[in-house]
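Descriptive analysis of the structure
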Amino acid sequence: MRYFQPTSLTWWAGLFAVLTGFASMALPTTGPLAEITSLVALLAGSGDASPAGLIFLGLGLIGLRDRIERGFRGDD
């Protein structure tokens, strides 16, 4: 599993973006979870970033980290 790199900061940033995107899609805007929803909206940029955009950003960061690492090693 070359994409699973828990020691990489880029991997964690990508995972955080993916989780924020999924949370902003799944959490309701009203009810008992409204406080958590407002926190997720704040982390997502208060509605500037769409959930799909955050998910694709996170997956792109994870893939970019792997590609850069393979480029430095000379693997293709």
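Structure's up top.
What comes next concerns the included structure. (Residues numbered from 1 in each chain as written. Predicted model: local features only at pLDDT ≥ 70, side-chain atom pairs only at ≥ 80, totals over all residues. Heavy atoms only, no water.)

Glancing now at a nonpolar patch on the surface. A grouping of Phe 16, Leu 39, Leu 42 and Leu 43 is seen on the molecular surface, where their side chains present a nonpolar patch of about 410 Å² in accessible area. With three residues, the top contributor of residues to the nonpolar patch is helix H2 (residues 34–43). Within the secondary structure, Phe 16 is located in helix H1 (residues 9–26). Among the residues examined, Phe 16 registers a relative accessible area of 46% and is labelled partly exposed. (Patch = residues over 30% accessible without salt bridge, like charges linked within 9 Å, V, L, I, M, F, W, Y side chains within 5 Å. Areas by Shrake-Rupley, 256 points an atom, 1.4 Å probe, with all protein chains shown as cover. Salt bridge = Lys/Arg side-chain N within 4 Å of Asp/Glu carboxyl O. Helix = DSSP H or I, 4+ residues; strand = E, 2+ residues; numbered from the N terminus. Buried < 20%, exposed > 50% of the residue type's maximum accessible area, 1.4 Å probe, protein only.)

Its 23 residues give helix H3 (residues 51–73) an end-to-end C-alpha distance of 34 Å, which sits within 8% of 33 Å, the value for a rise of 1.5 Å per residue. Residues of H3 that are buried in the fold lie against H1. Count one or two residues on from H3 and you reach Gly 74, which has phi positive near 95 degrees. (Expected span 1.5 Å × (residues − 1). Contact = heavy atoms within 4.5 Å.)

This next bit is on the packing of aromatic side chains. Enumeration according to the criterion identifies two aromatic pairs in this entry. Where Phe 4 meets Trp 11, the ring centres are 5.2 Å apart and the plane angle is 90 degrees; that geometry is what we call edge-to-face. The exposure class of Trp 11 is buried, given its relative accessible area of 8%. Relative to Trp 12, the ring of Trp 11 has its centre 4.9 Å away and its plane inclined at 85 degrees; by these criteria the two rings are edge-to-face. With a relative accessible area of 44%, Trp 12 lands in the partly exposed category. Grouping aromatic residues by their ring pairs yields a cluster made of Phe 4, Trp 11 and Trp 12. (Phe/Tyr/Trp six-rings, centres within 6.5 Å; stacked < 30°, edge-to-face > 60°.)

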